[in-house]
Amino acid sequence: MIAARELRKTYGSNSVIDGVSFELGPGQCLALLGPNGAGKTTLLRILATLLRPTAGSLHIDGGDALREPERARGLIGMVAHGSYVYEDLTARENLRFWETMRGGDTSAGRLAAALAQVELDGVADERVRTFSAGMKRRLGLARVLLGQARLLLLDEPFTGLDRRGRKWVNEFLQGFKAAGGAAVLATHSFGGGLGVADRVAILGSGRLLMDRPAADLAPDELHRLYESLTDSVEGGA
Amino acid sequence: MTRALGWLAVLGLVVGIAAGFGYAPREAIQGNVQRIMYLHVPAVLTAYLAFGLVLAGSIGYLATRRPGWDRLAAAAGELGVLFTGLTIVSGSIWGKPTWGTWWTWDARLTSTAVLFMVYVGYLLLRSLIEDPDARARYAAVVGILGAVNIPIVHFSVKWWRALHQPSTILGPERSPIDPAIGLALFVNWVAFTLLFAYFLSRRMEIARLEEQT
Amino acid sequence: MTYARRAWIILWKDLLIERRAKEHANALLFFCLLLLFLFQFALGPDRERLAAAVPGLLWLGFILAGLLGLGRSFLGERDNDCWEGLRLTPGDKSAIYLGKLAGNCVLMTAVEIILVILFGVFYNVDLWTPAAPLALVLALGTIGLAAVGTLFAAMTTQVRARELLFPVLLLPVQVPVLLATVSATQALLLGQPLADVAHWLKLLAGADLVYVTIGLLTFEFVLEG
């Protein structure tokens, strides 16, 4: 699904991403851990073809995402900090807008089904301005569902959600994986997401300090590794 | 190569000044102040050359994304504004004793002033964006629009002027084509172009070095 | 067909949001009213002096309102990273430009109609007799202003000193449009037939074609940021 090799992103003399390589297959979820400022968002944006890397190669679903970003964009669903919602439109209208922009089918039935899947059908015709952060997040997930994304890129999807909300996102991701989709999940907290991850990677100072199957790691072992790796990086830098 | 260009330019300017003040005859009606034409006309021609290069650099960058094209556009833009300013000031100095006023809304001067404003805006835009890629892209769009707009401005101003006063007999458009004056003009134009080329390559080199640090 | 759908949905979204939020319409309407008073105060009570200046004032008012309205074209996209969302959509991005251009033309036309009515009422100018040819001049001028305004608005939305840079970039480029529309309007208000201003109309039409084409071709490069 993703084949990234030696991705680099420098601003002037500052290397935000300094040689990141990894692969991810369909039905897999990669959790990307790292302290704030480690470059998680930058890496995610490069994967989303929003940012052009200074060097390196990126292939998504077999196609060169740097040479032909349009093709990759058709497959990718991004759920980032900004939820891509227009506050003065209703949930249903937002979905209709984004799905039309994707060139997809916006029949009433499809929109209603997507809203039902994220449990927003009750407020489908309310303006998004009245929604909570969690509801906006769910609307974002409905958007990527409707768009039939095969690769999900999530940037801190658990922020601002209560326990029920987090559980909900986890279940959503499980279902997504089961249907054959792949996901990269960037987070700085251990509070959520690790349950659904198949692999865990730690990003520090622009490099992947670790990339291991989640099954190999016990939770406190992961915690210790995280502390020691990020400390050594910060101490050295 | 650049050094040689620089010396050639200096040589050209020396010859040009000699031609303009020594060789070319004193103009019958306007007197010695007409000699400022040897500065004014080459300056505006060089400015047009500069803006043509801004267009080339802009298209080049959008097509290839190579920073060299953007450096060309930026350097040519700066020089273009400089030479346009020179054109306007020299035109104004020419105008004061000739028409009695520092400024007149005749077609040529007005078009040049509009050109000046468009490209000052171009430089202003460049100065306000830090990200080099965004700066190059946005500047390229303005550069293309500004250049393509030049003939449109030219015609609109010309027709607008035709509605108002007819051009005066002593207007700069009516220079006599005395061969000596023509030659002096040509020499100065070549000198200005050499000077422009020298400044351009120097400026681009500085920009390239700045980018590397 | 998807291209047309996308341009249309952008227009639909902007009009819908405008109708609900009513941000622009009310403020611009009030601004037009203010301008009328401003012009009157600046020119003094002499009826004839004002009447002679009407073509210029009409377009001056129009451009000032345009600077306010057009500059804000993409502000709605700044919330919630919608700009980024638009970047992620597949396909030809110029459809977005077209949709925004259409929306801006609608907005500017509304402003124009209001200005024309206000001028007619407050300055006692007969704008009804030459209404048809005047409408043509207005339409061509609107497209010219909106075509470049939409493009530059997209550019300046993310730049520092946006409110200053937008007019500084837009006004010099719009000089031909201003000259053409004012000259044509003046001729029409003096009772001259449409044939007399044909050259101005051709200039406007040509300029509009150039501006819209450049907008369509270069918008993707602007959106990318």
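What counts as what
Residues numbered from 1 in each chain as written. Chains lettered and ligands numbered in written order. Predicted model: local features only at pLDDT ≥ 70, side-chain atom pairs only at ≥ 80, totals over all residues. Helix = DSSP H or I, 4+ residues; strand = E, 2+ residues; numbered from the N terminus. Buried ≥ 20, exposed ≤ 12 C-beta atoms within 10 Å, placed from the backbone. Contact = placed C-beta atoms within 7 Å. Axes fitted to C-alpha atoms, helices over the stretch in contact; angles between N-to-C directions. Left-handed = near helix turned anticlockwise from the far one by under 90°. Nonpolar A, V, L, I, M, F, W, Y, C, P; charged D, E, K, R; others polar. Pairing = 2+ DSSP bridges. Parallel < 35°, antiparallel > 145°, perpendicular 65-115°, else oblique. Expected span 1.5 Å × (residues − 1). Right-handed = clockwise from strand over helix to strand, strands pointing away. Core = buried A, V, L, I, M, F, W, Y, C linked by C-beta atoms within 7 Å. pLDDT = per-residue confidence, 0-100.

1. Concerning the overall build of chain C
Broken down by element type, chain C carries 9 helices and 0 strands. When the elements of chain C are put in sequence order from the N terminus, they spell out α-α-α-α-α-α-α-α-α. In terms of overall dimensions, chain C has C-alpha extents of about 55 × 35 × 30 Å along its principal axes. Buried positions account for 46% of the 225 residues belonging to chain C. Here the contacts in chain C between residues at least 6 apart in sequence split such that 83% fall between residues at least 24 apart.

2. Here's the deal with the overall build of chain A
Scanning chain A for helices and strands turns up 7 helices and 10 strands. Its C-alpha atoms give chain A principal-axis dimensions of about 55 × 40 × 30 Å. In chain A, buried positions account for 44% of the 237 residues.

3. Focus on unusual backbone geometry
Within the chain, Glu6 of chain A stands out as a residue other than glycine whose phi angle is a positive 50°. Note that Glu6 of chain A resides in strand S1 (residues 2-11). Since 14 C-beta atoms lie within 10 Å of it, Glu6 of chain A is described here as partly exposed. Positive phi is not limited to glycine here, since Ala161 of chain C has a value of about 55°. One can find Ala161 of chain C in the loop between helix H6 (131-156) and helix H7 (162-173).

4. Examining the packing of helix H2 (residues 23-43) of chain C against helix H5 (residues 94-122) of chain C
Residues and elements named next belong to chain C. Axis separation between H2 and H5 bottoms out at 10 Å; the angle between their running directions is 30°. Between H2 and H5 lies a crossing of right-handed hand. Contact residues: H2 offers His24, Leu28, Leu29, Cys32, Leu33 and Leu36, while H5 offers Leu107, Val111, Ile114, Leu115, Leu118 and Phe122. For the contact of H2 with H5, a count of residues per class yields 11 nonpolar, 1 polar and no charged.

5. Some words on the sheet that holds strand S2 (residues 14-24) of chain A
Residue and element names in this part refer to chain A. Taken together, the 4 strands give an open sheet; going across it, the order is S2-S1-S4-S5, and neighbouring strands pair in antiparallel fashion. Unpaired on one side and paired on the other, S2 and strand S5 (63-64) mark the two borders of the sheet. Most of the contacts of helix H1 (residues 40-47) go to S2, to which it runs at about 55°, and overall it touches S1, S2 and strand S4 (55-60).

6. Examining the interface of chain C and chain A
Opposite the 21 residues of chain C that make contact, chain A presents 21 residues. Of all the secondary-structure elements, those providing two or more residues to the side of chain C that touches chain A are helix H1 (2-21) and helix H4 (82-88) of chain C. It is H1 of chain C that contributes the most residues to the side of chain C that touches chain A, 9 residues altogether. The residue makeup of the side of chain C that touches chain A, split by class, is 7 nonpolar, 6 polar and 8 charged.

7. Things to note about the packing of helix H4 (residues 107-128) of chain B against H7 of chain C
Their axes nearest at 8 Å, the elements H4 of chain B and H7 of chain C cross at an angle of 150°. Regarding the angle of H4 of chain B to H7 of chain C, the classification is roughly antiparallel. Here the hand of the crossing between H4 of chain B and H7 of chain C comes out left-handed. Here Val114, Met117, Val118, Gly121, Leu124, Leu125 and Leu128 of chain B of H4 of chain B lie close against H7 of chain C, whose contacting residues are Leu165, Val168, Leu169, Pro172 and Val173 of chain C. Each residue belonging to the contact of H4 of chain B with H7 of chain C can be placed in one class, and the counts come to 11 nonpolar, 1 polar and no charged.

8. Topic: the sheet that holds strand S9 (residues 199-204) of chain A
All names here are of chain A. The mixed open sheet is built from 6 strands, whose spatial order is S6-S7-S8-S3-S9-S10. Among the strands making up the open sheet, the edge pair consists of strand S6 (76-79) and strand S10 (207-213). Averaged over neighbouring strand pairs, the angle between their axes works out to 15° when direction is ignored. With 5 bridges joining them, strand S3 (residues 29-33) and strand S8 (residues 182-187) adopt parallel strand pairing. Note that in S8 the partner of Ala31 across the bridge is Leu185. Each of S3, strand S7 (151-155) and S8 touches helix H6 (residues 163-178); the most contacted strand, S8, lies at about 150° to it.

9. Thoughts on helix H8 (residues 175-189) of chain C
Residues and elements named next belong to chain C. With 15 residues, H8 should cover 21 Å at 1.5 Å per step; its first-to-last C-alpha distance of 21 Å lies within 8% of that length. Among the 15 residues in H8, 13 count as buried, and that is most of the element. Downstream of H8 by one or two residues, Gly191 has phi in the positive range, about 95°.

10. Considerations on the arrangement of the chains
Looking at the 2 pairs of chains with contacts, the pair that accumulates the most is chains B and C. One finds no contact linking chain A with chain B; the least C-alpha distance across the pair is 8 Å.

11. What to know about the interface of chain C and chain B
A common way to state how big an interface is: give the accessible area lost once the parts meet. Listed as interface residues are 26 residues of chain C and, on the opposing side, 28 residues of chain B. For the side of chain C that touches chain B, the elements supplying multiple residues, two or more each, are H6, H7, H8 and helix H9 (198-223) of chain C. The element best represented in the side of chain C that touches chain B is H9 of chain C, accounting for 8 residues. Taken together, the residues that form the side of chain C that touches chain B break down as 20 nonpolar, 4 polar and 2 charged.

12. A few points about the pairing of S6 of chain A
Residues and elements named next belong to chain A. By the alternation rule, side chains of S6 split into Ile76 and Met78 and Gly77 and Val79, which are all buried. Looking at chain direction, S6 and S7 are connected through 4 bridges and run parallel. By the bridge assignment for S7, Val79 is matched with Leu154.

13. Considering the pairing of S7 of chain A
Residue and element names in this part refer to chain A. Most of S7 is tucked away: 5 of the 5 residues are buried. Examined bridge by bridge, S7 and S8 share 5 bridges and lie parallel to one another. By the bridge assignment for S8, Leu154 is matched with Leu185. A crossover connection joins S7 to the parallel S8 through H6; in handedness this β-α-β unit is right-handed.

14. Some remarks on the nonpolar core
The nonpolar side chains of a soluble globular protein tend to be buried with one another. Counting residues in hydrophobic clusters, the biggest one holds 189 residues, and the most contacted among them are Ala142, Leu153, Val184 and Leu185 of chain A. Excluding residues that lie within four positions of it along the chain, Ala142 of chain A makes contacts with Leu95, Ala114, Leu115, Gln117, Val118 and Leu120 of chain A.

15. What to know about the environment of Pro69 of chain A
Checked against the element boundaries, Pro69 of chain A lands in helix H2 (residues 69-75). Taking the C-alpha atoms as reference, Pro69 of chain A lies 9.8 Å from His59 of chain A; in sequence the two are 10 residues apart.

16. Looking at the confidence of the model for chain C
Mean pLDDT over chain C stands at 90; residues scoring 70 or higher make up 100%. Confidence, read as mean pLDDT per element, is least for H2 of chain C in chain C (86) and greatest for H9 of chain C (95).

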